[in-house]
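Residues per chain, in single letters:
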Amino acid sequence: MHRRTRLSLRSSSINDKENEHEQAQLTASPRKRRSKVPDSGVKDAELPEEDGARSPKKVARKAGRPRVLPPAEEDVEELEDAAHGTGASDLVGKLPEREKEYDELVGFVEGVLSSDGSGSLYISGPPGTGKTATLQRILNHPSFAKKLKPVYINCTSIKSVGSIYKKISEELGLKVGGTTEKQYQGAIEAHLERKHKTIMLVLDEIDQLSSSKQTILYSIFEWPARPTTRLILIGIANALDLTDRLLARLQARCELKPQLIQFLPYTKQQIVAILKASLEESNSLSRFPEAALGLLAAKVASTSGDIRRALFIARRLVESAKKEDRKTGSSGAPTVVSMGQVMAVLKQVYGASQTLGNDLEEGFPLQQKILICSLMLMLKHGKNKDITVGKLYDVYKAICTKRNIQAVDQTEFISLCTLVETRGIVRLQGKKEPRMHRVCLQWDEQEVTSALNDKQLIASILSDVSCLGK
């Protein structure tokens, strides 16, 4: 993990200087930087400058290679990798379209600091929805920088669950008289009892610490409840119900129960707004017609809502248009990104047999449509009308596979069910693990058909009984 030597706030003059060198940055490999806090782009959305933003490692190694559109098949893997990592930024303030979540985070941290106590928080949401990026900006908040000692750990980087104590000890700079898990744990707990600056411990991908009895997760979430501890514990993961599912005992004690903040997938309108802001900042908005932006945003919103993917694809398209200008030596109107180019990239990334036109509708995203149609198929032709989230996911996955559509994983599918429930179409029942929750359809078939406004998709799925299995 890249680490910077200090937390700093870039001024506008530094950003201006970076913009002056955008051509050089297209061909030069990015410098490695070291940081005490994570690259916000490693996990979540940033708003990079069009040419100044760094591409992922794989792209960096190929930076000198000319890029053309539509991309060759070997570029698909590069697009996929790059969609999961954009350039880091030290910007302060609210992330676009995440103002509400930012305010909640600021309020939580201010509340803990003003009470001179401790607190725990769990942040959930699908990948690329701004979780880590928003938290990065909290760490750079002027009023927090001097009051907090930030400790960021991505739990996927540790070798074993028990080695999390060693990692935390190293980040805190503790001297430990031994090498066992208990000795590292004891050193941390002894440090928390002594007088110290308030620690903000951020555990990204915290679900990686899950074990059979969850002893490590329980011990960590119990730290903020210690009398003399000054600790802000923040866990980040994709699953909405992790604390309920894995840490049920926390719910029984109010002082241990973490506060929850959920980051929902970006909608089409939000993605369009973010793309416009990013393109305008780099003076490239004139190259992207409104219809092309809408197509790109609709596709990303209907599949994952991952803003990193949308930002990278948009930047790649604009770079290709600029390259075309340099080839032709055109001094007139700049080359504009065409709908055909957008569709070519989307087909490479998401699969050629998906119907892109359906995603331009203002109604339901494609994934939600497939979920609802899967439920209708099970109710209409299935033998067992008692449908659980797990069974529904199996049918949904079979439908997506048959149509060459990228299916979300089970954790995201549970979040998808929750989103559909908020529309009032379905109701989820049950107190056990989410996979066992019952799914009940609240609307009749005519109402659903009218709402989805996609008779062709509904008819094709409702007649496909082969996806129900045996």
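Placed above this text is the structure.
Here goes a summary of the coordinates provided. (Residues numbered from 1 in each chain as written. Predicted model: local features only at pLDDT ≥ 70, side-chain atom pairs only at ≥ 80, totals over all residues. Heavy atoms only, no water.)

**Re the overall build of the chain**
No. 1: The number of helices and strands found in the chain is 21 helices and seven strands.
No. 2: Considering only contacts within the chain whose residues lie at least 6 apart along the sequence, 77% involve residues at least 24 apart.
No. 3: Carbon and sulfur atoms make up 51% of the accessible area of the chain, which amounts to about 21800 Å² in all. (Helix = DSSP H or I, 4+ residues; strand = E, 2+ residues; numbered from the N terminus. Contact = heavy atoms within 4.5 Å. Areas by Shrake-Rupley, 256 points an atom, 1.4 Å probe, with all protein chains shown as cover.)

**Points about the sheet that holds strand β5 (residues 259–262)**
No. 1: A sheet is described by the order of its strands in space; here five strands give the open sequence β2-β3-β4-β1-β5, paired in parallel fashion. The open sheet terminates on both sides in strands that have one partner only, identified here as β2 (148–154) and β5. Strand after strand, the sheet turns through a mean of 15° between neighbouring axes, direction not considered.
No. 2: One ladder, built from six bridges, connects strand β3 (residues 198–204) with strand β4 (residues 231–237); its direction is parallel. Residue pairing in the sheet places Asp204 in a bridge with Ile236 of β4.
No. 3: On top of the sheet, helix α6 (residues 99–115) reaches β1 (119–124), β2, β3, β4 and β5; it is set at about 165° to β1, its chief contact.
No. 4: Contacts from helix α9 (residues 164–172) reach β2 and β3 within the one sheet, and its direction differs from that of β2 by about 145°. (Pairing = 2+ DSSP bridges. Axes fitted to C-alpha atoms, helices over the stretch in contact; angles between N-to-C directions.)

**Let's talk about the side chain of Asp306**
No. 1: Its place among the elements puts Asp306 in the loop between α14 (290–303) and α15 (307–328).
No. 2: Take Asp306: its relative accessible area is 3%, and that puts it in the buried class.
No. 3: Here Arg308 takes part through its side chain, which lies 2.7 Å from a polar atom of the side chain of Asp306. (Buried < 20%, exposed > 50% of the residue type's maximum accessible area, 1.4 Å probe, protein only. Polar contact = N/O pair within 3.5 Å; in protein donor to acceptor, adjacent residues only side chain to side chain.)

**What to know about the environment of Ser143**
No. 1: Among the secondary structure elements, Ser143 is positioned in helix α8 (residues 142–145).
No. 2: Accessibility expressed as a relative area gives 29% for Ser143, which makes it partly exposed.
No. 3: Between the alpha carbons of Ser143 and Glu110 there is a distance of 9.2 Å; along the sequence they are 33 residues apart.
No. 4: A polar atom in the side chain of Ser143 sits 2.8 Å from the side chain of His141.

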